[in-house]
Amino acid sequence: MELTTEQMRFWSPEVRKLEPYIPGEQPKLQNLLKLNTNENPYPPSPYVVDAIQAVLANQADVLRLYPDPDATALKEAIAQQQCITASQVFVGNGSDEVLAHIFKAFFIQEHPILYPDITYSFYPVYSQFFGVKTKILPLNADFEIDIADYRQPNGGIIITNPNAPTSIALDLLSIEEILQNNPDSVVVIDEAYVDFGAESAVSLVSKYENLVVCQTTSKSRSLAGLRVGFAIAQPHLIAALETVKNSFNSYPMDRLAIAAAVASFQDQDYFQAMCQKVIDSREQLVNGLEALDFKVLPSKANFIFVSLAHKNAADLAAELRQHGIIVRYFNKPRINQYLRITVGTDEQNQRLIDTLRNQILV
Ligand SMILES: *Cc1c(COP(=O)(O)O)cnc(C)c1O
């Protein structure tokens, strides 16, 4: 909605200047193939639905009562799955909320925070929102992070690993080097996609007092609709996040979300099987697109980042849409000839390939 200055006169002056994040579209149309927001094509563990039904069946009356403000059961389930302690876990309403608290808790500093030019587009939004200074460091020509860049005065560092939307992962040794080069800054690794084949930095948390690892149940656990994200760090950093959270919303995790997410973390076999299915489908999808002459960046995520020489990416996205397939196009410098495509089921990926081969690239 476009508003006039007159209509915005009641707004806080700061809010008038905000440029909010634009989420990928959630179309209402039937029979659309949604490969645009990196959701998991498989349902969550069947125990997740059982757990929600159990809350409602046995104790609907508990909805009258506030949930546990510390979501202790959930922190314990995450700690057990990650082989850490509950005191090293922070939970929030999606990892976007966890990231917001991270920006507020650690990044409002004299020096700018550092992050790559091509990365999760919520970072500039939070930076503006919280008044965080930023210094943006270009990825190299192959869209890789040059860790030597992250060796300069800074007020913090945030890196998505694997990166989005490039899908490229950084190895653990490089992350460790960044941590060692920045002992006085908080280094945040946003691991929204780590379960699809990259190395997690959770194993470094007990060794580095300046490391925060952020993960989500939205992608690898098929729970984007539940809104559960978490951070893992040493207790002195978790305490800062709790301070911010309890200054904003004491109950970000409702009873249904806590019960459902606990069930997901307790069903490790299902989780691993679904991640492996997505990884296998990704490799098939990459082969299929390469056979159609697409250039595909090496992916460790549940999406791929592709381009096609001699074909405008925005046009290609529009043509796919006409055939009922939605992918993500970013009209931004350096990446405006790429498409980000979420890995679907084998059948969905085949529909994409067939549509390209038989209808668009003929
Ligand atoms: C999807 C995503 C998130 C947010 O996940 P939610 O838990 O659904 O809020 C955070 N960071 C990156 C890089 C993501 O892609």
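Residues numbered from 1 in each chain as written. Predicted model: local features only at pLDDT ≥ 70, side-chain atom pairs only at ≥ 80, totals over all residues. Heavy atoms only, no water.

Peer 1: Sorry, what's going on with the packing of helix 4 (residues 94–106) against helix 5 (residues 122–130) here?
Peer 2: Packing of helix 4 against helix 5 leaves a shortest axis separation of 10 Å and a crossing angle of 45 degrees. By the criterion of interaxial angle, the relationship of helix 4 to helix 5 is oblique. Relative to helix 5, the crossing made by helix 4 is right-handed. Seen from helix 4, the contacting residues are Asp96, Glu97, Leu99, Ala100, Phe103 and Lys104; seen from helix 5, they are Phe122, Tyr123, Tyr126, Ser127 and Phe130. (Axes fitted to C-alpha atoms, helices over the stretch in contact; angles between N-to-C directions. Helix = DSSP H or I, 4+ residues; strand = E, 2+ residues; numbered from the N terminus. Parallel < 35°, antiparallel > 145°, perpendicular 65-115°, else oblique. Left-handed = near helix turned anticlockwise from the far one by under 90°. Contact = heavy atoms within 4.5 Å.)

Peer 1: I tried to follow a nonpolar patch on the surface on my own but got confused; where do I start?
Peer 2: Together, Phe10, Trp11 and Val15 make up an exposed nonpolar region whose accessible area comes to about 330 Å². With respect to the helices and strands, Val15 occurs in helix 1 (residues 13–16). (Patch = residues over 30% accessible without salt bridge, like charges linked within 9 Å, V, L, I, M, F, W, Y side chains within 5 Å. Areas by Shrake-Rupley, 256 points an atom, 1.4 Å probe, with all protein chains shown as cover. Salt bridge = Lys/Arg side-chain N within 4 Å of Asp/Glu carboxyl O.)

Peer 1: Would you mind showing me how to read the nonpolar core here?
Peer 2: Membership of the largest hydrophobic core comes to 53 residues, with the highest contact counts inside it found for Leu74 and Leu211. In terms of residues, this core owes the most to one element, helix 8 (residues 255–266), which gives 7 residues. Dropping the residues within four chain positions of it, Leu74 is found in contact with Val91, Val228, Met253, Ile258, Ala261, Val262 and Phe265. By size, the runner-up hydrophobic cluster in this structure holds 37 residues, among which are Ala164, Phe271, Ile279 and Ile325. (Core = buried A, V, L, I, M, F, W, Y, C linked by side-chain atoms within 4.5 Å. Buried < 20%, exposed > 50% of the residue type's maximum accessible area, 1.4 Å probe, protein only.)

Peer 1: When you look at the pattern of salt bridges in this model, what are you seeing that I'm missing?
Peer 2: Once their charged atoms are close, side chains differing in charge can pair, the charge on each being opposite to the other. Counted by the stated rule, this structure contains 8 salt bridges. In this structure, Glu39 and Lys34 form a salt bridge, with 2.8 Å as the shortest nitrogen-oxygen distance. When its relative accessible area of 29% is taken as the criterion, Glu39 is described as partly exposed. The exposure class of Lys34 is partly exposed, given its relative accessible area of 23%. For Arg334, the salt bridge is made with Asp117, and the minimal N-O distance between the two is 2.8 Å.

Peer 1: Looking at this model, I keep getting lost on the sheet that holds strand 11 (residues 325–329). Mind explaining?
Peer 2: What links the strands of a sheet is backbone hydrogen bonding, and the strands pair in either a parallel or an antiparallel sense. If you trace the 5 strands from one edge of the open sheet to the other, you get 1-11-12-10-9, paired in mixed fashion. Both edges of this open sheet fall to strand 1 (33–35) and strand 9 (295–296), since each of them pairs with a single strand only. Bridge count between strand 1 and strand 11: 3 bridges; the pairing is parallel. Bridge pairing links Leu35 to Val327 in strand 11. Along the sheet, helix 9 (residues 268–291) makes contact with strand 9, strand 10 (303–307) and strand 12 (339–342), crossing strand 10 at roughly 10 degrees. (Pairing = 2+ DSSP bridges.)

Peer 1: Looking at this model, I keep getting lost on the site of the ligand. Mind explaining?
Peer 2: As a matter of local geometry, the ligand sits amid 13 residues, with Ser95, Tyr193, Thr216, Ser218 and Lys219 nearest to it. Within the side chain of Ser218, one N or O atom sits 2.6 Å away from an oxygen atom of the ligand. Note that an oxygen atom of the ligand is positioned 3.0 Å from one of the side-chain N or O atoms of Lys219. Protein burial of the ligand: of its 380 Å² of free accessible surface, 93% is covered by the chains. For the ligand, the cavity whose grid points lie within 2 Å of the majority of its atoms is the largest pocket. Ranked by residues supplied to the shell around the ligand, first place goes to helix 4 with 4 residues. Of the residues that constitute the shell around the ligand, the class distribution is 4 nonpolar, 5 polar and 4 charged. (Near = heavy atom within 4 Å. Polar contact = N/O pair within 3.5 Å; in protein donor to acceptor, adjacent residues only side chain to side chain. 1 Å grid on protein atoms, 1.4 Å probe; cavity = no way out; pocket = protein on both sides within 12 Å on 5 of 7 lines; lining within 4 Å. Sits in = over half its atoms within 2 Å of the grid points. Nonpolar A, V, L, I, M, F, W, Y, C, P; charged D, E, K, R; others polar.)

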